[in-house]
Amino acid sequence: MTIRINDILDEVSAYIPEADKRIIEKAYVFSARVHQGQTRLSGEPYLTHPLEVAYMAAKMHLDVEAVTAALLHDAIEDSLTTVDDIKAAFGADVAAIVDGLTKISKIAFMSKEQQQAENFRKMILAVSKDLRILLIKLADRIHNMRTLEFHNRAAQQRIAKETLDIYAPIANRLGMHWMQIELEDLGLKYTDPEGYATVKDKLDAAAKLKEGYLKDIMGAIEAELAKHGLNAEVYGRVKHVYSVYMKLKRQGIPFEAVYDILGIRVILESVAACYEVLGIIHSLWKPIQPRIKDFIAMPKANMYQSLHTTIFGPGGELIEFQIRTREMDRIANEGIAAHWRYKDGSKLDERDGKKFSWLRQLLEWQKEVHDPHEFLESVKIDLYPEEVYVFTPKGDVFRFPTGATPLDFAYNIHTELGHQCTGAKVNGQIVPLKYKLKTGDVVEIMRSSKQHPSKDWLRIAKTSRATAKIKAWLRTQELQQSTALGREILEKKLKSLHIRKDIDFDQLARDFALKDAGELFGAIGFGRLSVHQVVHKIAPEAPKEAEEHKTAERKKKGEGSGIIVKGEENLLVRFARCCRPIPGDEIVGYITRGRGITVHRRNCTYVEEEDPHRLVPVEWEREPQEVHEIEFSVLCQDKPGMLGSITAILGEQRINITKLKAHSLASGSSVCVFRVSVKSLAELEALFAKVRRLSGVERIERLQAS
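Residues numbered from 1 in each chain as written. Predicted model: local features only at pLDDT ≥ 70, side-chain atom pairs only at ≥ 80, totals over all residues. Heavy atoms only, no water.

Inspection of the secondary structure assignment puts Lys 26 in helix H2 (residues 22–34). As a C-alpha pair, Lys 26 and Ala 89 span 63 residues in sequence and 8.9 Å in three-dimensional space. Within the structure, the side chain of Lys 26 is placed 2.8 Å from the backbone oxygen of Ala 89, a separation counted as a polar contact. (Helix = DSSP H or I, 4+ residues; strand = E, 2+ residues; numbered from the N terminus. Polar contact = N/O pair within 3.5 Å; in protein donor to acceptor, adjacent residues only side chain to side chain.)

Taken in spatial order, the four strands line up as E21-E22-E20-E23 in an open sheet, and their pairing is antiparallel. Across the chains shown, the open sheet's two edge strands, defined by having one partner strand only, are strand E21 (656–664) and strand E23 (697–702). Pairwise comparison of adjacent strand axes, ignoring direction, gives a mean angle of 15 degrees for this sheet. Relative to strand E22 (residues 669–678), E21 runs antiparallel, the two sharing eight bridges. Counterpart to Leu 660 in the pairing with E22 is Phe 674. Across the face of the sheet, helix H28 (residues 642–652) comes into contact with strand E20 (628–637), E21, E22 and E23 while running at roughly 15 degrees to E22. Along the sheet, helix H29 (residues 681–692) makes contact with E20, E22 and E23, crossing E23 at roughly 165 degrees. (Pairing = 2+ DSSP bridges. Axes fitted to C-alpha atoms, helices over the stretch in contact; angles between N-to-C directions. Contact = heavy atoms within 4.5 Å.)

Throughout the structure, instances matching the rule amount to 21 salt bridges. Note that Arg 580 and Glu 629 form a salt bridge whose closest N and O atoms lie 4.0 Å from each other. In this pair, Arg 580 is assigned in the loop between strand E15 (573–575) and strand E16 (587–592) and Glu 629 in strand E20, connecting sequence segments 49 residues apart. Via salt bridges that share partners, Asp 63, Asp 93 and Arg 132 belong to a single interconnected network. (Salt bridge = Lys/Arg side-chain N within 4 Å of Asp/Glu carboxyl O.)

This part takes up the confidence of the model for the protein. When pLDDT is averaged along the protein, the result is 80; 82% of the residues meet or exceed 70. Low pLDDT, under 50, characterises residues 340–385; the predicted model gives this stretch 92 contacts beyond four residues in sequence or across chains. Taken as a whole, residues 548–559 scores under 50 in pLDDT and shows four contacts with residues more than four places along the chain or in a different chain. (pLDDT = per-residue confidence, 0-100.)

Along the chain, Gly 584 falls in the loop between E15 and E16. Taking the C-alpha atoms as reference points, Gly 584 and Lys 679, separated by 95 residues in sequence, lie 9.3 Å from one another. Filtering out sequence-adjacent residues up to four positions away, Gly 584 remains in contact with Trp 620 and Leu 681.

On to the nonpolar core, then. As a rule of thumb, soluble globular proteins bury nonpolar side chains together. Judged by nonpolar contacts, the single largest core of 62 residues is most densely connected at Ile 8, Val 12, Ile 24, Val 67, Ile 86 and Ile 136. Sort the elements by how many residues they give to this core and helix H8 (residues 131–146) lands first, with nine residues. When near neighbours in sequence (up to four residues on either side) are disregarded, Val 67 contacts Ile 8, Val 12, Tyr 15, Ile 24, Ala 54, Ala 57, Ala 58 and Leu 62. Within the second largest apolar cluster, 39 residues are counted, among which are Ala 206, Met 218, Ile 296 and Met 328. (Core = buried A, V, L, I, M, F, W, Y, C linked by side-chain atoms within 4.5 Å. Buried < 20%, exposed > 50% of the residue type's maximum accessible area, 1.4 Å probe, protein only.)

Let us look at the pairing of strand E2 (residues 262–268). In terms of residue burial, E2 counts as a mostly covered element, since seven of its seven residues are buried. Here strand E1 (residues 233–238) pairs with E2 via six bridges, running antiparallel. Bridging from a neighbouring strand, Val 238 pairs with Leu 262 of E2. The sheet contact formed by E2 and strand E6 (residues 318–325) spans six bridges and is parallel. The residue bridging Arg 265 from the neighbouring strand is Gln 322, located in E6.

Here we have three strands laid out as an open sheet, ordered E12-E11-E13, and antiparallel in their pairing. Every other strand in the sheet has two partners, leaving strand E12 (429–431) and strand E13 (443–447) as the edge strands with one partner each. Averaged over all neighbouring strand pairs, the angle between strand axes comes to 35 degrees, with direction disregarded. Where strand E11 (residues 421–426) lies against E12, three bridges are found, and the strand directions are antiparallel.

Below, the discussion takes up the environment of Val 426. Tracing the sequence through the fold places Val 426 in strand E11. Expressed as a C-alpha distance, the spacing of Val 426 and Glu 444, which sit 18 residues apart in the sequence, is 6.4 Å.

All right, on to the packing of aromatic side chains then. The geometry of an aromatic ring pair is captured by the separation of the ring centres together with the interplanar angle, meaning the angle of the planes. Evaluation of the coordinates by the stated rule reveals nine aromatic pairs. Centroid distance Phe 632 to Phe 674: 5.1 Å. Interplanar angle 15 degrees. Geometry classified as stacked. Remark: Phe 674 occurs in strand E22 and Phe 632 occurs in strand E20; sequence separation between them is 42 residues. Of the two residues examined, Phe 632 and Phe 674, each falls in the buried class. What links up through ring pairs into an aromatic cluster is the set Phe 398, Phe 400 and Phe 409. The ring centre of Phe 30 lies 4.8 Å from the NZ or CZ of Arg 33, which sits over that ring. (Phe/Tyr/Trp six-rings, centres within 6.5 Å; stacked < 30°, edge-to-face > 60°. Lys NZ or Arg CZ within 6 Å of the ring centre and 35° of its normal.)

Before going further, it helps to spend a moment on the state of the cysteines. On inspection of all chains with the given rule, the structure shows zero disulfides. Here Cys 578 stays unpaired: no disulfide links it, and the sulfur of Cys 604, its closest cysteine neighbor, is 3.5 Å away. (Disulfide = S-S within 2.5 Å.)

Given below as structure tokens:
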């Protein structure tokens, strides 16, 4: 029949008597205006399509906003209408649904790969944050499939394959069984017309041939249920075309070998009655044990519940029974749409909430469910919260972790493209490297041969592939720079000592267990090898007065590091200012190009971000004599004498204060920050213990430079 606006209004009035239908009428007029003069391939006015889709939305008992959006779902794509126009005329809720539907329509399915099909399904689910978007899209797809005969063969193949790969599985995931069946059968009709026709004809013939047989079985079960005082609806069914077709294809068997094409469904009032009927059926006919399934106790992920059993009927025919309650039958057909139906304005109670526990896997709850409308507003699809799906300009889809950036996208395409990435165009707009990709983005990388990776990129990249490629490039560059630096340092040193003899640097490298001259220079440049060690190996007789003088000066000034670098001697060592290590701390050395070893506390956040290849084991001398500056803060009550009490303890411990800052907080407390000189961790811990015992001290902690 031809759907008219009054059919939709009557349907909505039947389940929402109090609905303000004026917005639906307004959407009808708006849609008629924007689609005026447009026709479908069938020759019908284009308006017939949004009317059909809106009618299906009403048959699913969706709310007024969803029915309104269904009437408008093609308005943006097929006219000059914008999202803002829809928002101004019909509100933000309707505009958001129409916008989501428009985004889905722009997703072009091109790949034949199964993994790509899964990515496209995820893409659509991610774009469809509101369930109503998905349900309207499925209705839109069903009507398009019903009128697919008017397209050319190539378009039929493409749209039908997309339907089977993308939309039918989504309908199944949402428990929309009637939608799934129609989409699958129509999809098969156009992807394999001959296969579809063959299976359909054989199913029709089998159903006609066994019609009397099925009635006899149904009569027998009805009579037996009546004896037990059970009120039930019993009806027969034949499997749908696509399910039989796929079984033949998977198992490689002829149609005649499919014995379970017949089925009987028994609908009852209670769960207890379902189990009772299962026992009655097994008392009448012999069941096939492996094919007894209890989906009531263990529902499917899409909320489907039923008892299944297959029996040997009279004459050896296999017949599958599905036994379920009336509510289970409704949910089996309507899926997720069953849960916001308006039923005399009644609310979902606590038992209903428990029954729908599967939604915890499928949906993100935002607030407590009170009524069907609030349920609809609160549930959002969140199947893939840790992933985003984005496109290349050619339509290929790629998956990334949430927070991924254009850098990750570039390195995913090609390493060299990543190295030369200067930014990206996302949906036609230029964005910086740190832009966080969103599902549905179309990404085009901008590049320059003058661009190179930097350490800052490690903070921007999210994927392990990108960070590994950046680190590898940085290591290569640092090695080249360190090799050049090491050569320069060694040559200057030899020149200053007037050593002018020819030197075989490759042999010299092997003396230090290194591969070649390049590795030797690199070790000097990185600070892994002291230039003094190398000079001594070249010319043990070289003048030592200058070096002895420098060593004496350092000792005089108290500049001994107190650090032992395992396996090395005479290396330049300095302490990191970020974490200020002191004797007793667990420490690690970091090779700093041209500056020797920088010593950090092992838990220093700076070290955690650096290249692990440049870390070396270090340890404290047994009896360090040097003092080290550290900072600590004290949170205490803001009262007279508090600061004096703390400084008095520092004086008693003979600990020198080099800097002090204090300020009051709005809470009535005060924060005092001290920079002091200590010899060891043990000395610092003893100080902290005494300060903590002071009355009014709330917290004391060691600081790390930001």
